[in-house]
Structures are given as C-alpha cells and as structure tokens.
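# A look at the structure
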Amino acid sequence: MNVRDKVVIVTGASSGIGLATAKLLVKRGAKVALVSRSMEKLEKISAELSNSIAIRADMTKILEIKRMVDQTHEHFGRVDILINNAGQGYDAPVEKTDIDTFHYIFDLDVIGPLVAMQQVIPIMRKQGGGAIINISSGTALMYLPNMSAYSASKRALAGISLTAREELKTDNITVSVVYPYITLTEFEKNTIKASGDNREQGSGPSPGDTADYVAQKILDGIESGEAEIFAHDWMKKMTERKA
Ligand SMILES: NC(=O)c1ccc[n+]([C@@H]2O[C@H](COP(=O)([O-])OP(=O)(O)OC[C@H]3O[C@@H](n4cnc5c(N)ncnc54)[C@H](OP(=O)(O)O)[C@@H]3O)[C@@H](O)[C@H]2O)c1
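Attention here is on the structure that accompanies the text.

### Some words on the overall build of the protein chain
The helix and strand inventory of the protein chain stands at 7 helices and 9 strands. Over its C-alpha trace the protein chain gives a radius of gyration of 17 Å, about what one expects of a compact globule, namely 18 Å for 243 residues. When burial is assessed residue by residue, the protein chain has 53% of its 243 residues classed as buried. Considering only contacts within the protein chain whose residues lie at least 6 apart along the sequence, 69% involve residues at least 24 apart. Computed over 29 positive and 30 negative side-chain charges, the separation of the two mean positions in the protein chain equals 3 Å.

### What to know about the pairing of strand β3 (residues 52–56)
Burial within β3 is extensive, with 4 of its 5 residues counted as buried. Two strands pair when backbone bridges link them, and strand β2 (residues 31–36) and β3 are joined in this way by 5 bridges, in the parallel orientation. What sits directly across from Leu-34, in β3, is Ala-54. Running through helix α2 (residues 39–48), the crossover from β2 to the neighbouring parallel element β3 is right-handed.

### Notes on the sheet that holds β2
On the basis of which strands lie adjacent, the open sheet formed by 7 strands has the order β3-β2-β1-β4-β6-β7-β9 and parallel pairing. Two strands in the sheet have a free side with no partner beyond their single neighbour: β3 and β9 (228–230). Across the sheet, the axes of successive neighbouring strands diverge by a mean angle of 15°, strand direction being ignored. Packing against the sheet, helix α7 (residues 211–224) makes contact with β4 (81–84), β6 (130–135), β7 (173–179) and β9, and its axis sits at approximately 145° to β6.

### What about the site of the ligand?
If you check the shell around the ligand, you find 31 residues, and the closest are Ser-15, Arg-37, Ser-38, Tyr-150 and Thr-185. Here an oxygen atom of the ligand sits 2.4 Å away from a polar atom, N or O, in the side chain of Ser-38. Note that an oxygen atom of the ligand is positioned 2.5 Å from one of the side-chain N or O atoms of Thr-185. Only α1 (16–27), α4 (99–127), α5 (148–167) and α6 (187–190) provide two or more residues apiece to the shell around the ligand.

### Looking at the nonpolar core
Membership of the largest hydrophobic core comes to 31 residues, with the highest contact counts inside it found for Leu-25, Val-32, Ile-83 and Ile-218. Those elements giving two or more residues to this core turn out to be β1 (7–11), α1, β2, α2, β4, β6 and α7. Ranked by the residues each element gives to this core, the list is headed by α1, at 7 residues. Residues within four places of Leu-25 in sequence aside, it is in contact with Val-3, Val-8, Val-10, Ala-30, Val-32, Ile-83, Leu-219 and Ile-222. Judged by nonpolar contacts, the second largest core, of 28 residues, contains Val-7, Ile-121, Leu-168 and Ile-173.

### Some details on the packing of helix α3 (residues 62–76) against α4
Interhelical geometry of α3 versus α4 gives an angle of 30° and a closest axis separation of 9 Å. Here α4 runs roughly parallel to α3, going by the angle between their axes. Regarding α3 and α4, the two cross each other, and that crossing is right-handed. Counted together, Ile-62, Ile-65, Lys-66, Val-69 and His-73 of α3 and Gly-112, Val-115, Ala-116, Gln-119, Val-120, Ile-123 and Gln-127 of α4 form the full contact between these two elements. The class makeup of the residues in the contact of α3 with α4 is 7 nonpolar, 4 polar and 1 charged.

### Focus on the packing of aromatic side chains
The geometry of an aromatic ring pair comes down to the distance between the two centres and the angle between the two planes. Within the structure shown, the criterion is met by 4 aromatic pairs. Judged by centre distance (6.1 Å) and plane angle (70°), the ring pair of Phe-102 and Phe-106 falls under edge-to-face. One end of the pair, Phe-102, and the other, Phe-106, are both in helix α4, 4 residues apart, so they sit about a helical turn from each other. Measuring from centroid to centroid gives 5.4 Å for Tyr-150 and Phe-187, while their planes differ by 45°, and the two rings are tilted. A residue pair is termed long-range when its members are at least 10 positions apart, and Tyr-150 in helix α5 and Phe-187 in helix α6 qualify at 37 residues. Looking at Tyr-150, the relative accessible area reads 6%, which means it is buried. By relative accessible area, which is 27% here, Phe-187 ends up partly exposed.

What counts and how
- Residues numbered from 1 in each chain as written.
- Predicted model: local features only at pLDDT ≥ 70, side-chain atom pairs only at ≥ 80, totals over all residues.
- Heavy atoms only, no water.
- Helix = DSSP H or I, 4+ residues; strand = E, 2+ residues; numbered from the N terminus.
- Rg over C-alpha atoms; globule rule 2.2 N^0.38 Å.
- Buried < 20%, exposed > 50% of the residue type's maximum accessible area, 1.4 Å probe, protein only.
- Contact = heavy atoms within 4.5 Å.
- Lys, Arg positive; Asp, Glu negative; His and termini not counted.
- Charge placed at Lys NZ, Arg CZ, Asp CG, Glu CD.
- Pairing = 2+ DSSP bridges.
- Right-handed = clockwise from strand over helix to strand, strands pointing away.
- Axes fitted to C-alpha atoms, helices over the stretch in contact; angles between N-to-C directions.
- Near = heavy atom within 4 Å.
- Polar contact = N/O pair within 3.5 Å; in protein donor to acceptor, adjacent residues only side chain to side chain.
- Core = buried A, V, L, I, M, F, W, Y, C linked by side-chain atoms within 4.5 Å.
- Parallel < 35°, antiparallel > 145°, perpendicular 65-115°, else oblique.
- Left-handed = near helix turned anticlockwise from the far one by under 90°.
- Nonpolar A, V, L, I, M, F, W, Y, C, P; charged D, E, K, R; others polar.
- Phe/Tyr/Trp six-rings, centres within 6.5 Å; stacked < 30°, edge-to-face > 60°.

Written as structure tokens, this is what we have:
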C-alpha cells in the first residue's frame, strides 16, 4: 500500500522505532495519529510534524485504546493503517518470572495490539481495505535465557498477526509482522529487569540497528504487504538460541 494521504495510527510514537516511523510516514505524505502515554512529548513531536495529531492512550487499557481509535477516526475521517509498535521488555529467568509483571507485559505486547486490531478492522472493512503492522521481535525467533515472558508475548503477537492475515484476506486487509533485531532506542533502559540480571547487551552479529533503519523496514513492509518482515535476512533462519 502506498502511504501517501493514508491515515496511520502509530502506537509508541513518543520514542525509538515508533517516533522514527511516524517521522518517515509524514515525510512520505501520510497523516499520522501519534499515540503513547506521554502527551507532552507527543504534542511537541506533533507540532513539528504536519498532518499529525497527538493522542494519549495507555495500551494496556482497553477503554483508552477504543477511545484512541475513535478519536483518530473522528479527526481524519478514516483509518487506513495501524502500526502496533508500543511495547516493553521484561528480563527474568523462568524460575523468577513475576506473574503480575508477566500479565502486564502480555497486556501491553499482546492484548493491547489485539484490541487495537479489533477496533480498526470494521473501519477498514467498510473502507474497502487497510494494513495492520504488528511489531514483534527477533526474540520471538530465539530461546534466549531471561527472555521467556517477552519472547512468549512477541511469539503470541506473531501468531495472532499471521492468523488474522488469513482471516482478513477477503476483506483486502493486509496483516504483517515485523521482527526488529537489537535496535538503539530507549528499549533496553525501559526493559523491566529481575534483580541480579547483568546480561550484556549488544552482543551478536551486529551491535544494533538505528530506529531509522527499522522505520524504513516497516515502510517497506507496508508497501510490499509481505507477511513477515525481518530486520536482517539472516534472521529468517534464526530458530535456535543466539546470544
Ligand atoms: N529496541 C529493540 O532492541 C527492539 C528489538 C525488537 C523489538 N522491539 C520492539 O519495538 C517496539 C518499539 O520499541 P523501541 O525500541 O522503540 O522502545 P522505546 O524507545 O522504549 O519505545 C517504546 C514506546 O512504547 C510506548 N509505550 C510503552 N508502554 C506503553 C503503554 N503502556 N501504553 C502506550 N504506549 C506505551 C512508549 O511511550 P510512553 O512511555 O510515552 O507511553 C514508547 O513510545 C516495541 O514493541 C519493542 O518490543 C524493540
């Protein structure tokens, strides 16, 4: 799908991959709803991006997600593309995984995107089509110690996405999953960590990608409509643990 003049919801637009994606989309002529919990940050970003609005929503709160989609629809008159990007990591060994924290991560990384999908699907169907891009993680393709909860959440998101893709084919709604690799954002700082987790970051085949690099991959995914978009080609074969 060509993004020019399309209305796009970008969740997690206040930082990192979401912010870079929102900027790129506006540059390519899209109209963007910038969504996150930090209204002040979003308003500042929106002031610098033509054709954008700032909408506050906590993506773990079902009513706030519904209101956010309604606000976008009312403001722009349509919703063509949803980018479910808001997310957070949680590092803890299985034995020490805190169940309340796991619930929170699952609410944010899986249920929030699912609810947002449920809100935009009827709108897109009525319009004759649309695109949904869900940001998973390379972690979903690996078995990394300490990352079971995050990895399980991102696998769940990929599973929902690819199932929805099959279900929505006849509605001309394309659902895609993006698997970023280590990306240089606030993600690591924001990852919830079990005490004593001193895992080194950035080890692997490359030190990390820029948010702009991933944003371009997301745009490529919207344009191509591919089912799965990998930050790097070598990730396609990545089904075993890689540190
Ligand atoms: N960076 C990586 O290495 C990497 C690798 C693979 C996948 N990913 C995925 O890429 C996505 C973007 O992450 P990032 O690297 O850009 O991280 P980031 O810099 O920490 O940004 C996370 C974004 O999510 C928003 N967010 C967090 N909790 C939220 C909530 N409850 N409700 C609404 N928004 C919320 C944050 O905004 P507020 O705090 O303003 O709400 C922020 O805009 C995530 O889904 C992450 O899992 C990242």
